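What follows is the residue order along each chain.
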Amino acid sequence: MLEHCTPWPEEAAARYRAAGYWTGETFGALLGRLAAEHGDRTAVVSGDDRWSYRELDERATRLAAGLHRIGVRPRDRVVVQLPNVAEFLETAFALFRLGAIPVFSLPAHRANEVVHLCRHAEAVAYVIADRHGGFDYRGLARAALKEAPSLRHVLVAGDAAEFTPLDGLRTAVDGDAPSWPEADPSDVALFQLSGGTTGTPKLIPRTHDDYLYSVRASAEICGLDASTVYLAALPVAHNFPMSSPGVFGVLHAGGRVVMAPQPAPSAAFPLIESERVTLTALVPPLALLWMENAARTPHDLSSLRVLQVGGARLSDEAAGRVHPVLGCTLQQVFGMAEGLVCYTRADEPEGYALQTQGRPISEADEIRVVDENGEEVLPGEPGELLTRGPYTIRGYYKGEEHAASAFTPDGFYRTGDVVRRLPSGHLIVTGREKDLINRGGEKVSAEEVENHLLAHPGVRDAAVVGVPDAFIGERSCAFVLPRDPAPAAAELRAFLRERGLAAYKIPDLMHIVGEFPVTGVGKISKRDLRRALAQTLTRP
Ligand code: OOB
């Protein structure tokens, strides 16, 4: 296994193989098999591109050879920051084929995140689109090249400027084609990013064996088959639209992936109509937006059979409106890039989909719900969710520092989520213990933003907390204890942007305060800050 990663203990790995969860197939081999089985069927639709399974397979093979030609080798890390375009799949599978390891960065990430990822992963290449959503990623690439000494190549889908065009890289594979050893299925296939609570995002190593199991089992649970047409509305770099069952699950089933450039109704609804989309996945705020727009859209959405909602808590009220308004079934999904994914199922009484966040994929997912002393709570009582299983990691990449807080000594991942478990095994997410703000699925680490604020000379101390919000669930609020002269909120916002922080991490609200409430031991009391905020917000 790649160094600085924590493998499963031998005993557990043997058990997962014996039970047939880990099959020994790699993602690179999977695409070859799919091309043989589904050849001419359409695999992916993106703008004017319509690629068959065979075409996707051929492109991935040629791109893998091209990447090898410029020196990308098995186990090299490559930061991939592409929007929802067909090239996303081509690049991912080319890297899988090569045994090189994609690090999936979200399109919303900016210099701060991208530079951190390139440096932390010691990436040799960075793959971007030229422009997307009004933003020019080539500027980011220039910053990354300056700050990440390991970076040797910038590969661009579209107009490459001074960089290497992805289009020119595909190499015909003939007799002299380069060859390299097949990837090991128990090795790291890709890195997902943690939406975690630390100062910088952590890298989550997912192996071929474990990730492919979660993809295959998800596709099965969700009843996917070759007639499935999936709209990738959320950014496919995220674990939910990538693998739960997401684009990989849909390809695994021989279905068709339709890439939406944006998740807004204006972009998504016409595609649902023209491609006869049957399944899609949204975070709660988008589900609300879609429901608001569905009533007055001229587009025919009747092909949609299932709407998956996850990433953040969907209110019971909104859950109840999905079927009446959109005419499709709601499936709730509660998952995490570290592993565990829970689904409500089509063959269960409807109440579960309306009121719970589902139950785990696998009978081998071990679940513990514990109190602050790590003792299991009584059945049905709320407690922190701990989990271990065939597709939940045992450690972060270079994660020694976080090992003790993120995992129990016997290998359970501490999710930081507070849940209640029903006798049926379904979980209801009732809260959170981790210091994270969930802006409708977009995760913001309080510590990360606090550290950036503290870098401003006018800031003595800073605390970032979540504020309840009817639409996105939570907004972020920064409390700042200033030095003299006190900086204005607008100046601090501009400062964070200049530091290259992704826009969704810039605090929605900013309060300059004279002092912080403290706890008994003198720590900043975030509980009191939240309470003070709730009072100001409810004051008439
Ligand atoms: C998904 O993955 P991440 O890694 O961005 O975030 C994981 C965290 C969870 O620990 C939980 O705090 C929250 O997001 N979350 C939910 C939720 N789904 C995720 N909280 C309440 N209700 C839900 N349905 O967000 C993710 C990964 C795979 C599938 C779906 C979501």
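Residue numbers restart at each chain and count upward from 1, following the sequence in its written direction. Totals for whole chains, interfaces and linings use all residues, but because this is a predicted model, local features are given only for residues with pLDDT of at least 70 and pairs of side-chain atoms are given and counted only at 80 or more. Heavy atoms throughout the structure, all of them, feed into the side-chain values; hydrogens and water do not.

The chain is annotated in an unreviewed UniProt entry as (2,3-dihydroxybenzoyl)adenylate synthase from Actinocorallia libanotica. UniProt positions are given in the numbering used here, feature names are shortened, and annotations may be inferred rather than shown by experiment. The UniProt entry for the chain carries the following comment under Pathway (unreviewed entry): "Siderophore biosynthesis."

Caption draft 1: Representation of the pairing of strand β15 (residues 306-310) in the model. For each residue, the accessible area found with a 1.4 Å probe, counting protein chains only, is set against the maximum for its type, and the residue is called buried under 20%, exposed over 50%, and partly exposed in between. Helix and strand assignments come from DSSP, with helices taken as H or I runs of at least 4 residues and strands as E runs of at least 2, each series counted from the N terminus. Most of β15 sits out of view: four of its five residues are buried. Whether two strands pair comes down to DSSP finding at least two bridges between them. Direction of pairing for β15 relative to strand β16 (residues 329-336): parallel, over a ladder of five bridges. The residue of β16 that forms the bridge with leucine 307 is leucine 330. A right-handed crossover is one whose linking path, passing over the helix from the first strand to the second, runs clockwise when the strands point away from the viewer. Handedness of the crossover joining β15 and β16 through helix α12 (residues 316-326): right-handed.

Caption draft 2: Looking closely at the sheet that holds strand β25 (residues 459-469). If you walk across this open sheet you meet the three strands as β25-β26-β27, and the pairing is mixed. Two strands close off the open sheet at either side, each with one partner strand: β25 and β27 (509-512). Here the strands of the sheet are splayed against their neighbours by 20 degrees on average, with no regard to which way each runs. Between two residues, a contact is recorded if the distance between any of their heavy atoms is within 4.5 Å. Helix axes use the C-alpha atoms of the stretch in contact, all axes being lines fitted to C-alpha atoms, and the angles between their N-to-C directions lie in the range 0 to 180 degrees. The strands that helix α15 (residues 446-454) touches are β25 and β26 (473-482); relative to β25, the one it contacts most, it runs at about 145 degrees. Sheet strands touched by helix α16 (residues 489-498): β25, β26 and β27. Its angle to β27, the strand with the most contacts, is close to 125 degrees.

Caption draft 3: Geometry of the UniProt feature "domain: AMP-dependent synthetase/ligase" (unreviewed entry) in the chain. Taking the numbering used here, the UniProt-annotated feature "domain: AMP-dependent synthetase/ligase" (unreviewed entry) corresponds to residues 35-397. Segment residues 35-397 splits into 33% helix and 24% strand. End C-alpha atoms: 33 Å apart.

Caption draft 4: Structural detail: the packing of helix α11 (residues 284-294) against α12. Two elements in contact, α11 and α12, have axes whose closest approach is 10 Å; the angle formed by their N-to-C orientations is 35 degrees. Between α11 and α12 the crossing geometry is left-handed. Residues Leu288, Trp290, Met291 and Ala294 of α11 touch α12, and the partners they reach there are Ala318, Arg321, Val322, Val325 and Leu326. Asp, Glu, Lys and Arg are counted as charged, while Ala, Val, Leu, Ile, Met, Phe, Trp, Tyr, Cys and Pro are counted as nonpolar; the rest, among them Gly, fall into the polar class. Residue classes in the contact of α11 with α12 are distributed as eight nonpolar, no polar and one charged. In a left-handed crossing the near helix is turned counterclockwise from the far helix by less than a right angle, and in a right-handed crossing that turn is clockwise.

Caption draft 5: Spotlight on the layout of surface pockets. Any residue with an atom within 4 Å of a point lines the site, the site being either a cavity, points on a 1 Å grid over the protein atoms alone where a 1.4 Å probe fits but cannot get out, or a pocket, an open set with protein on both sides within 12 Å along at least 5 of 7 lines. Grid points are joined across faces, edges and corners, and a volume is the space filled by probe spheres set on the points. Roughly 480 Å³ of volume is contained in the second largest pocket. If you trace the second largest pocket, you find 28 residues lining it, with Arg305, Val306, Thr329, Gln331 and Ala346 closest to the centre. With five residues, the top contributor of residues to the lining of the second largest pocket is α12. The class makeup of the residues in the lining of the second largest pocket is 14 nonpolar, nine polar and five charged.

Caption draft 6: Region of the structure containing empty space enclosed by the protein. Counted according to the given criterion, the structure contains one cavity of 30 Å³ or more. In this model, the largest cavity occupies a volume close to 30 Å³. Considered class by class, the residues forming the lining of the largest cavity number three nonpolar, six polar and one charged.

Caption draft 7: Main features of the sheet that holds strand β2 (residues 49-52). Strand order in the open sheet made by the nine strands is β2-β1-β13-β12-β14-β15-β16-β17-β18, with mixed pairing throughout. What marks the edges here is a single partner per strand, and that holds for β2 and β18 (359-360). Where β16 lies against strand β17 (residues 339-343), four bridges are found, and the strand directions are antiparallel. What sits directly across from valine 333, in β17, is tyrosine 343. Sitting on the sheet, α12 touches β15 and β16, and the angle it makes with β16 is about 135 degrees.

Caption draft 8: Structural detail: the site of the ligand. Note on terminology: near, applied to a residue and a molecule or strand, indicates that one of the residue's heavy atoms is within 4 Å of it. If you check the shell around the ligand, you find 19 residues, and the closest are His238, Val333, Asp417, Lys434 and Lys443. Contacts to the ligand include lysine 434, whose side-chain N or O atom sits 2.8 Å from an oxygen atom. Definition of a polar contact: a pair of N or O atoms within 3.5 Å, with one able to donate and the other able to accept a hydrogen when the atoms are protein atoms, and with sequence-neighbouring residues admitted only if both atoms are side-chain atoms. Lysine 443 is positioned such that a nitrogen or oxygen atom in its side chain is 2.9 Å from an oxygen atom of the ligand. Isolated, the ligand exposes 590 Å² of accessible area, and the fraction of that covered by the protein chains is 96%. Tallying contributions element by element places β16 first for the shell around the ligand, with four residues. For the shell around the ligand, a count of residues per class yields seven nonpolar, eight polar and four charged. Here the accessible surface of atoms and residues is derived via Shrake-Rupley with a 1.4 Å probe, and residues count as covered only by protein chains that are part of the display.

Caption draft 9: Spatial organisation of the pattern of salt bridges. Any carboxyl oxygen of Asp or Glu within 4 Å of a side-chain nitrogen of Lys or Arg constitutes a salt bridge here. Across all of its chains, the model carries 34 salt bridges by this definition. Where arginine 368 meets glutamate 376, a salt bridge forms, and the shortest distance between an N and an O atom there is 3.5 Å. Salt bridges sharing partners connect three or more residues here, namely Glu55, Arg59, Glu90, Asp167 and Arg170.

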